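In case you want the letters, here they are:
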Amino acid sequence: MSKYPTHHKKLISWIEKSARMCKPDRIIWVDGSGEQKSLLEKECVFSGELIPLNGERLPGCFLHRTDPNDVARTEHLTYICTRKKRDAGPNNNWMSPRSGYRKAKDIFTGSMTGRNMYVIPFSMGPVGSPFSKIGVELTDSRYVVLNMLVMTRAGSPVLAQLGTDGEFTKCLHSLADVDVNRRLILHFPEDNTIWSVGSGYGGNVLLGKKCLALRIASFIARKEKWLAEHMLIMGIEDPAGRIRYIAGAFPSACGKTNLAMLLPPEGLKKKGYRIWTVGDDIAWMRVDSDGTLWAINPETGFFGVAPNTNSQTNPNMVETIKKNTIYTNVLLKPDGTVWWEGADGEIPQRGIDWQGNPWKPQAPDKDGKAILGAHPNSRFTTPIAQCPTASFRMEQHHGVPISAIVFGGRRRHVAPLVYESFNWQHGVFVGAIMASERTAAQYGKQGEVRRDPMAMLPFCGYSMASYFTHWLEMGKRMKHAPRIFHVNWFRTDEHNKFLWPGYRENLRVLEWIVDRCDNKLDAVETPIGFIPKVEDLDLTGLNLSRVILERLLAIDRKSWQEELEGIKHFFKLFKKDLPAELWQEFEALRSRLK
Ligand code: GTP
Ligand code: SPV
Ligand code: MN
């Protein structure tokens, strides 16, 4: 018997080479078994990486705290390392592969001494599906292993699928000393390789997620003519039992998870709608032989935002996270349960905050501001299979057919509640001009509006100019292209209050979208696209005046004209590489706004 559970020569030699650099004490293969998982949990509890939670109320649940300087994705330390800078585009930080490997090697050298190196074979998508991709992550973090076991299909069946010469993405991760000055998240798409060092935060270290399933996959998808997108996938079942699937791209912390599992609002209940959740973050979509776009969610878990998750906003998630869940950076209550701002129940009178300090409500920090119990980007990792609305088609290799693509951002002004594009090319333009206010999911100034085309700005593994071209081409390959819409749940009034109640009430907008796809309704043509006739949105049971609804749907020409300036500035960054079709759409919008 060889000392490895595989005869894949390239895999073995890569592992040995990485081990020579990182110098772990031992190499441990992750097999995906329950026994190994329990052992890892025990070790984590012993080392303090995990705190076991109340076994009666939260069975199988643990709390983890990351370093206070390591609580969100660090986009400024995230690079695409292609031979030519132009291939990474102005949307990415760039380094040459040679200098990327050299800089990271300095940090990786000896970084695993005193720790184990875990080998995690994982499949993004059902094991064995022709649409799936395999990765192998080497990591010195047990927290990463336990999260990967929830988020992906990991272990021995994947290794078997890989055989002796299967393709895989080489994913190397080390915590090293978790120093923000010695942190790099590097992607080498030309080598199908990811190197991440110096962080222990989800999006930086669960390498199957943003790094593989978006940055590397988008690079592969352009070559193989499919789409890797930052999108939720959900099914909307109508009273007749017909299910329509939609995919939705909203930037980080802008509502994908919440929408993907919404519970129909009281007022619409008698209509008998039912929601099926396929995914909340990533969609891989391809044109099938029927000329339709089909989507799979390559993940098996949710890595969701904790704050404001409660039985009103998201009852299905409250149900999902009652067991087998890893909580990160939330407040620990004296009874061994957890809490975050906007959680169910009363505000606890004391607890241990996300930084591990004793906490009381309203206790001020050194600037007099109340200290938060949970970090605004605190999260939970939980299996999709536990969600009451989990789709019965999760394991189907072909996924689900997509009827509509919905783009959306977080905008106080400008974008109306919903509008529909005129056609595919205009829809690509609508996605390309998306903008959103920055949230706690990434470092940087919160609330600042930035352009985030298709919610992919931080995740597109190549120049977005070619990405737009690729989207335009995809439209031509389809006989039945999905219709493209744009939504905004976040318009505010002069007191900064949301005009739209959001959350489950969003189904009212989805109903309009689905009816448009079925050609059941006509609409009002405006300079930016089609908007609903006020009477076509079913507001039964909702206390929302016609005046407010009109404000939600209003298109203010002046602010759209100002918006043109921002769009032009953004498009110009791509110089000659930007497809001419987008400039045509820009000119057409400008003249319609006159
Ligand atoms: P990532 O996991 O970062 O990609 O985020 P996401 O797009 O899945 O966002 P998520 O659904 O977790 O929502 C992020 C935040 O927005 C949470 O605090 C939600 O409570 C809030 N939110 C979600 N949907 C709505 C909505 O319809 N209206 C309002 N006002 N807030 C919402
Ligand atoms: C996001 O930031 O879009 C997330 C969380 O979904 S992370 O996995 O950290 O990227
Ligand atoms: Mn996301």
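None of these values were measured; they are calculated from a predicted model. (Residues numbered from 1 in each chain as written. Chains lettered and ligands numbered in written order. Predicted model: local features only at pLDDT ≥ 70, side-chain atom pairs only at ≥ 80, totals over all residues. Heavy atoms only, no water.)

Asks: Sorry if this is basic, but what is going on with the overall build of the protein here?
Replies: A tally of helices and strands in the protein yields 17 helices and 31 strands. On C-alpha atoms alone, the protein measures out to a radius of gyration of 24 Å, which is about the 25 Å that the 2.2 N^0.38 rule sets for 594 residues. Looking at the protein as a whole, 62% of its 594 residues are labelled buried. Considering only contacts in the protein between residues 6 or more positions apart, those separated by 24 or more positions represent 73%. (Helix = DSSP H or I, 4+ residues; strand = E, 2+ residues; numbered from the N terminus. Rg over C-alpha atoms; globule rule 2.2 N^0.38 Å. Buried < 20%, exposed > 50% of the residue type's maximum accessible area, 1.4 Å probe, protein only. Contact = heavy atoms within 4.5 Å.)

Asks: Can you walk me through the site of ligand 2 in this structure?
Replies: Neighbouring ligand 2 are Arg-73, Tyr-201, Gly-203, Lys-209, Lys-210, His-230, Ser-252, Asp-281, Phe-303, Arg-379, Ala-441 and Phe-459. Within the backbone of Gly-203, one N or O atom sits 3.0 Å away from an oxygen atom of ligand 2. In isolation ligand 2 offers 290 Å² of accessible surface; the protein chains occlude 98% of this area. Residue classes in the shell around ligand 2 are distributed as four nonpolar, three polar and five charged. Mapping the shell around ligand 2 onto the domain boundaries places at least three of its residues in each of domain 1 (9–30 + 74–224) and domain 3 (229–300 + 394–593). (Near = heavy atom within 4 Å. Polar contact = N/O pair within 3.5 Å; in protein donor to acceptor, adjacent residues only side chain to side chain. Areas by Shrake-Rupley, 256 points an atom, 1.4 Å probe, with all protein chains shown as cover. Nonpolar A, V, L, I, M, F, W, Y, C, P; charged D, E, K, R; others polar. Domains from an automatic or database assignment.)

Asks: I would appreciate a short explanation of the coordination of the manganese ion (ligand 3) in the present structure.
Replies: Octahedral metals with six donors have ideal donor angles of 90 or 180 degrees. Tetrahedral metals with four donors have an ideal donor angle of 109.5 degrees. Around the manganese ion (ligand 3), the protein contributes the donor atoms Lys-210 (NZ), His-230 (NE2) and Asp-281 (OD), at 2.2 to 2.5 Å from the metal centre. Considering all six donor atoms around the manganese ion (ligand 3), the spread of angles at the metal, 63 to 172 degrees, places the coordination shape in the irregular class. (Donors = N, O, S within 2.8 Å, 3.2 Å for Na, K, Ca; no water. Tetrahedral: all angles 85-135°; square planar, octahedral: opposite > 155°, others 65-115°.)

Asks: I keep staring at the site of ligand 1 and nothing clicks. Help me out?
Replies: As a matter of local geometry, ligand 1 sits amid 21 residues, with Ala-253, Lys-256, Thr-257, Arg-379 and Tyr-503 nearest to it. Contacts to ligand 1 include Lys-256, whose side-chain N or O atom sits 2.7 Å from an oxygen atom. Between an oxygen atom of ligand 1 and a side-chain N or O atom of Arg-410, the distance comes to 3.2 Å. Out of a free accessible area of 660 Å², ligand 1 has 93% covered by protein chains.

Asks: In this structure, what is going on with helix H16 (residues 557–572)? I would like to understand it.
Replies: Residue pairs three or four apart in sequence face the same way in an α-helix, which turns once every 3.6 residues. Over its 16 residues, H16 extends 23 Å from the first C-alpha to the last, a length consistent with the 22 Å expected when each residue adds 1.5 Å. On its buried face, H16 is in contact with strand E26 (418–420), helix H12 (424–432), strand E27 (435–437), strand E28 (449–451) and helix H17 (580–593). (Expected span 1.5 Å × (residues − 1).)

Asks: Is there a simple way to think about the domain arrangement of the protein in this case?
Replies: How big an interface is tends to be stated in terms of the accessible area lost upon association of its parts. By domain assignment, the protein separates into domain 1 (9–30 + 74–224), domain 2 (50–64 + 301–388) and domain 3 (229–300 + 394–593). Each of domain 1 and domain 2 has a C-alpha centre, and these two points are 29 Å apart. Buried surface at the junction of domain 1 and domain 2, summed over both partners, amounts to about 910 Å²; 69% is from carbon and sulfur atoms. If you sort the residues of domain 1 by the area they bury against domain 2, Tyr-143, Val-150 and Tyr-201 come out on top, with a joint share of 56%. Where domain 1 packs against domain 2, one counts zero salt bridges. Summed over the shared surface of domain 1 and domain 2, the number is five residue pairs in polar contact (both at pLDDT 80 or more). Residue assignment for the side of domain 1 that touches domain 2 shows that the elements contributing at least two residues are helix H5 (142–151) and helix H7 (202–205). Considering every element that reaches the side of domain 1 that touches domain 2, the biggest residue donor is H5, with five residues. Of the residues contributing to the side of domain 1 that touches domain 2, the split by class is five nonpolar, three polar and one charged. (Buried area = accessible area lost by both parts, 1.4 Å probe. Salt bridge = Lys/Arg side-chain N within 4 Å of Asp/Glu carboxyl O.)

Asks: When you look at the sheet that holds strand E2 (residues 51–52) in this model, what are you seeing that I'm missing?
Replies: Strand pairing in a sheet relies on backbone hydrogen bonds. The paired strands run either parallel or antiparallel. Overall, mixed pairing links the five strands, which are arranged E2-E3-E19-E24-E18 in an open sheet. Each edge of the open sheet carries a strand with a single partner, namely E2 and strand E18 (301–305). (Pairing = 2+ DSSP bridges.)

Asks: Sorry, what's going on with the packing of H16 against H17 here?
Replies: Packed helix pairs are characterised by how far apart their axes lie and by the angle those axes make with each other. Running from amino to carboxyl end, H16 crosses H17 at an angle of 160 degrees, the nearest separation of the two axes being 10 Å. Comparing their axes, H17 and H16 come out roughly antiparallel. Where H16 crosses over H17, the handedness of that crossing is left-handed. In this structure, H16 uses Arg-557, Trp-560, Gln-561, Leu-564, Ile-567, Lys-568, Phe-571 and Lys-572 to contact H17, whose residues at the interface are Leu-582, Trp-583, Phe-586, Leu-589, Arg-590, Arg-592 and Leu-593. Per-class residue counts for the contact of H16 with H17 are nine nonpolar, one polar and five charged. (Axes fitted to C-alpha atoms, helices over the stretch in contact; angles between N-to-C directions. Parallel < 35°, antiparallel > 145°, perpendicular 65-115°, else oblique. Left-handed = near helix turned anticlockwise from the far one by under 90°.)

Asks: Help me out: how do you make sense of the environment of Gly-291 in this one?
Replies: Position of Gly-291 among the secondary structure elements: in the loop between strand E16 (283–287) and strand E17 (293–296). Counting along the chain gives 189 residues from Gly-291 to His-480, while the straight-line C-alpha distance between them is 5.8 Å. Residues in contact with Gly-291, not counting those within four places in the same chain, are Met-478, Lys-479 and His-480.

Asks: Explanation requested: unusual backbone geometry in the structure shown.
Replies: Only a minority of non-glycine residues have a phi that is not negative, and only a minority of peptide bonds are not trans. In the Ramachandran plot, Ala-253 falls in the positive-phi region, its phi being about 60 degrees despite a non-glycine side chain. Position of Ala-253 relative to the elements: it lies in the loop between strand E14 (243–249) and helix H9 (256–260).

Asks: Just checking my understanding: could you explain the side chain of Ser-123 for this structure?
Replies: Structurally, Ser-123 can be placed in strand E6 (residues 116–124). According to the relative accessible area criterion, Ser-123 is buried, its value standing at 1%.

Asks: Please explain the packing of aromatic side chains as it appears in this structure.
Replies: A ring pair, where both rings are aromatic, is described by two values, the distance of the centres and the angle of the planes. Taken as a whole and judged by the stated rule, the model has 26 aromatic pairs. When the centroid spacing of 6.4 Å and the interplanar angle of 90 degrees are considered together, the rings of Phe-250 and Trp-489 count as edge-to-face. One end of the pair, Phe-250, is in the loop between E14 and H9; the other, Trp-489, is in the loop between strand E29 (483–487) and helix H14 (507–517), with 239 residues separating them in the sequence. You'll find Phe-250 and Trp-489 in the same group, each marked buried. Taken together, a centroid distance of 5.9 Å and an interplanar angle of 50 degrees make the contact between Phe-407 and Trp-471 tilted. Here the residue Phe-407 occupies a position in strand E25 (residues 400–408), and Trp-471 occupies one in helix H13 (residues 464–476), the gap between them amounting to 64 residues. (Phe/Tyr/Trp six-rings, centres within 6.5 Å; stacked < 30°, edge-to-face > 60°.)

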